[in-house]
Amino acid sequence: MIELNKVSKRFNEALAVNDISLRVEKGSFCALVGTSGCGKSTTLRMINRLIPHSDGEILIDGQPIEQLDPVKLRRRIGYVIQSTGLFPHWSVARNIALVPRLLKWPAEKIDARVEELMALLGLPFDEFVGKYPHQLSGGQAQRVGVARALAADPDILLMDEPFGALDPLTRDKLQEELARLQARLHKTVVFVTHDMDEALKLADHLVVMREGRIVQQGSPLTLLRHPADPFVESLLGGLERGLKQAGLTRVKEHMTSLGPQVPAHSRIPGDFTLRQGLSMMLRDHTERLTVVDASDVPIGELSLRRLIKESQSERGTPRAG
Amino acid sequence: MQARGAVSIPRAWPNWLPAFGFAALLGLALFGMELLEPFFRWVEPDARSVIYARASFVDLLGRHLLVVGAAGAVTVCLGLIAGIAVTRRYGRDFLPLAGQLASIGQTFPPVAVLALAVPALGFGTPAIIVALMLYGLLPILRNTLAGLDGVDPALKEAAIAMGMTPRQRLWRVELPLAAPVILAGVRTSITINIATAALGATVGASNLGDPIIAGIINANMAYVIQGALLIALLALTVDSLFDLLEQQLRHRPTD
């Protein structure tokens, strides 16, 4: 668990981070979102003491970090950065093995761990073990970066815009894999990004920062439903907010049981998002979709009219349009 | 990551060939200078002898290498230690000073250093070693500073964030990444000093400069050519050996 209590950071006279308090529960995924220069990276780097904080306290598992030896603290925390930071003179295997080697694990244990991590990150062992960073594509290099961060099985993972330099397709793929990994490993993750879609996709706790302060924090759905101010609303996509919210909900959660009507022609798997469902309705010019399970058996129906009624009752006040 | 250094230019000859070739020529010049006697006779038709014979060339080469080697060993140590020290946090304040001192060392003409060293150290080998040390320090120090400074700040920070101690960062990350640049400095320093060491002959440190000085004094151009030829071949041999070493370093990253 990571706790920040009234933490500030002053660079000379300028306040980069201004009195922020934040709690990241064990096993939860917290995204710090904001525009450039809002202090989100500074906040992240204070957690592993790359930057000392000026005021307030930062606790890791209840212990103030300034009481911990910085070298030992950092070996307990995985760190991933946008530029990967892989060492160009070391092979993929040697890069991944870095922290276990620093911790003086026995050689067989390190080798086994490297192999395990490469499998976990989808890097075929024989193909990549001897490669050097300059021989990797951006996506592959960042997979190695994530593997290196996970090598010594740290509880905490700090990620500073890890996918910011990747092309959209690779970024989507790695986001999905990170979500999959997190569902399995339950690390305590602090993830810095300026990409709200990325944050919505991955995080279960969103922290929106602006000019060194926290503007709003909470679950993605809470922020989407009740943005605290126009800034948060604009970050959340303004008019597209409804669609982003739909992107976080599964079709299954909004389907109704199959009625007496003839089932709709268009079918959608129940695990798809509501956003995909709406898109399909637009594409197929239909108000209704048949929801199917994994084996393509109809299990319910998604109706546009019902959806609009539901969201009206959720808001309390009916709205036109 | 941007790909770099991965392109291999197809070569017409193996990369050890220059070093081997120059070494062979040097050996030939050391042991077979007599073969060129007709040429030297043509250069100096009136001289009593046209092949320098006051000492064997092998002997002179040995002393030459000793002087350059001793000065080189000291400069490499000094340059590296100073370069590392002033790029650490505790030595940062001395960074500009170190650069200036080394520059002054190079702006001093070696002849002037020799002239100053002789009264202090007497005639002979120590004086030329001191002169070479001062003269050879700058390229090493400058390249050590440039090499360490050229390490990507993101990598240095990654090394900190991974939990490496300052010493581990220096030995495992900074020095290996700076090594090619540092080695280039050592190469420059040593190669220049092979030529400069010939000046030692003027203060009685006998080495490959002897035939040159003797040739100038006796107006015997043949001696001058022999000394110059040997020094040039030695410098070329050593330089191509360094080239080989640099290529090894570049192609086989340390692991």
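Please read all numbers here as calculations on a predicted model, not as lab measurements. (Residues numbered from 1 in each chain as written. Chains lettered and ligands numbered in written order. Predicted model: local features only at pLDDT ≥ 70, side-chain atom pairs only at ≥ 80, totals over all residues. Heavy atoms only, no water.)

1. Considerations on the interface of chain A and chain B
A common measure of how large an interface is: the accessible area buried when the components associate.
1) Next: In this complex, chain A contributes 27 residues to the contact, which on the side of chain B involves 24 residues.
2) Next: Here chain A meets chain B over a buried area of about 2300 Å², counting both sides, of which 64% is carbon and sulfur.
3) Next: Taken together, the links from chain A to chain B amount to one salt bridge.
4) Next: Here A:Arg45 makes a salt bridge to B:Glu157, at a shortest N to O gap of 2.6 Å. (Contact = heavy atoms within 4.5 Å. Buried area = accessible area lost by both parts, 1.4 Å probe. Salt bridge = Lys/Arg side-chain N within 4 Å of Asp/Glu carboxyl O.)

2. Focus on the sheet that holds strand 7 (residues 156–160) of chain A
Residue and element names in this part refer to chain A.
1) Next: Strand order in the open sheet made by the six strands is 6-7-8-3-9-10, with mixed pairing throughout. The open sheet terminates on both sides in strands that have one partner only, identified here as strand 6 (77–81) and strand 10 (213–218). Neighbouring strand axes in the sheet, compared pairwise and without regard to direction, differ in orientation by 15° on average.
2) Next: Across five bridges, strand 3 (residues 29–33) lies against strand 8 (residues 188–193) in parallel orientation. In the sheet register, Val33 faces strand 8, and the bridge partner there is Thr193. (Pairing = 2+ DSSP bridges. Helix = DSSP H or I, 4+ residues; strand = E, 2+ residues; numbered from the N terminus. Axes fitted to C-alpha atoms, helices over the stretch in contact; angles between N-to-C directions.)

3. Quick word on the pattern of salt bridges
Residues and elements named next belong to chain A.
1) Next: Inspection of every chain in the model, using the stated rule, returns 24 salt bridges over all chains.
2) Next: Across the pair Asp153 and Lys187 runs a salt bridge whose closest N-O atoms are separated by 2.5 Å. In this pair, Asp153 sits in the loop between helix 7 (138–150) and strand 7 while Lys187 sits in the loop between helix 8 (168–185) and strand 8, placing the two residues 34 residues apart along the sequence.
3) Next: For Asp153, a relative accessible area of 46% translates into the label partly exposed.
4) Next: Overall, the relative accessible area of 6% leaves Lys187 in the buried class.
5) Next: Across the pair Arg288 and Glu301 runs a salt bridge, and its minimum N-O distance is 2.4 Å. Linking Arg288 in strand 12 (residues 288–292) with Glu301 in strand 13 (residues 298–303), this pair joins segments that are 13 residues apart in sequence. (Buried < 20%, exposed > 50% of the residue type's maximum accessible area, 1.4 Å probe, protein only.)

4. Some words on the packing of aromatic side chains
Residue and element names in this part refer to chain A.
1) Next: By the definition in use, this model includes seven aromatic pairs over all chains.
2) Next: Plain terms: the ring middles of Phe87 and Trp90 are 5.0 Å apart, the flat faces sit at 70° to each other, and that makes the pair edge-to-face.
3) Next: A residue is classified by how much of its surface remains accessible, and Trp90, at 3% relative accessible area, is buried.
4) Next: Feature note: the residues Phe29, Phe163 and Phe191 constitute an aromatic cluster, connected by ring pairs.
5) Next: Cation over ring: Arg94 sits above Trp90, and NZ or CZ is 3.9 Å from the ring centre. (Phe/Tyr/Trp six-rings, centres within 6.5 Å; stacked < 30°, edge-to-face > 60°. Lys NZ or Arg CZ within 6 Å of the ring centre and 35° of its normal.)

5. Regarding the environment of B:Gly91
All names here are of chain B.
1) Next: Looking at the secondary structure, you find Gly91 in the loop between helix 3 (57–87) and helix 4 (95–107).
2) Next: Judged by its relative accessible area of 6%, Gly91 falls in the buried class.
3) Next: Discounting chain neighbours no more than four positions away, the residues touching Gly91 are Ala85 and Val86.

6. A look at the sheet that holds strand 13 of chain A
Residues and elements named next belong to chain A.
1) Next: The sheet built from three strands is open, its strands ordered 11-12-13 with mixed pairing. Strands at the two margins of the open sheet, each flanked by one partner only, are strand 11 (267–269) and strand 13. Along the sheet, successive strands turn relative to each other by an average axial angle of 35°, direction set aside.
2) Next: When strand 11 meets strand 12, the two strands line up parallel, connected through three bridges. Of the residues in strand 12, the one forming a bridge with Pro269 is Val292.

7. Things to note about the UniProt feature "domain: ABC transporter" (unreviewed entry) in chain A
1) Next: Following the UniProt record, the feature "domain: ABC transporter" (unreviewed entry) maps to residues 2–236 of chain A here.
2) Next: Between the first and last C-alpha atoms of residues 2–236 of chain A the distance is 26 Å; the span itself is 39% helix and 26% strand. (UniProt positions renumbered as here; feature names shortened; annotations may be inferred.)

8. Structural notes on the domain arrangement of chain A
1) Next: Here the domain parsing of chain A yields domain 1 (2–244) and domain 2 (249–315).
2) Next: Put simply, the middle of domain 1 of chain A and the middle of domain 2 of chain A, counted by C-alpha atoms, are 35 Å apart. (Domains from an automatic or database assignment.)

9. Overview of the confidence of the model for chain A
1) Next: Per-chain confidence: chain A averages 90 in pLDDT, with 97% of residues scoring 70 or above.
2) Next: Low pLDDT, under 50, characterises residues 316–321 of chain A; the predicted model gives this stretch three contacts beyond four residues in sequence or across chains. (pLDDT = per-residue confidence, 0-100.)

10. Brief notes about helix 7 of chain A
All names here are of chain A.
1) Next: If you check helix 7, its first and last C-alpha atoms are 18 Å apart, about what 13 residues at 1.5 Å a residue would give, namely 18 Å.
2) Next: By the criterion of burial, helix 7 is predominantly enclosed, with eleven of the 13 residues buried.
3) Next: Taken as a whole, helix 7 has its buried residues at Gly139, Ala141, Gln142, Arg143, Val144, Gly145, Val146, Ala147, Arg148, Ala149 and Leu150. (Expected span 1.5 Å × (residues − 1).)

11. Focus on the side chain of A:Gln216
All names here are of chain A.
1) Next: Along the chain, Gln216 falls in strand 10.
2) Next: Among the residues examined, Gln216 registers a relative accessible area of 13% and is labelled buried.
3) Next: The residues contacting Gln216, other than those within four sequence positions of it, are Leu206, Val207, Val208, Leu223, His226, Pro227, Ala228 and Val232.

12. Side note on the state of the cysteines
As used in these notes, a disulfide is a covalent bond between sulfur atoms, one from each of two cysteines.
Residue and element names in this part refer to chain A.
1) Next: One pass over the full model with this rule turns up zero disulfides over all chains.
2) Next: For the unlinked cysteine Cys38, the closest cysteine sulfur is that of Cys30, found at 12 Å.
3) Next: In this structure Cys38 comes out as buried when scored by relative accessible area, which is 1%. (Disulfide = S-S within 2.5 Å.)

13. Here we look at the nonpolar core
1) Next: Ranked by internal contacts, the top residues of the largest apolar core, which has 90 residues, are A:Ile96, A:Met196 and A:Leu206.
2) Next: Per-element accounting of this core gives the leading share, six residues, to helix 7 of chain A.
3) Next: Setting aside its immediate chain neighbours within four residues, A:Met196 contacts A:Val33, A:Leu206, A:Val208, A:Leu235 and A:Leu236.
4) Next: Counting residues in each nonpolar core, the second largest holds 52 residues, with B:Val113, B:Leu114, B:Ile231 and B:Val238 among its members. (Core = buried A, V, L, I, M, F, W, Y, C linked by side-chain atoms within 4.5 Å.)

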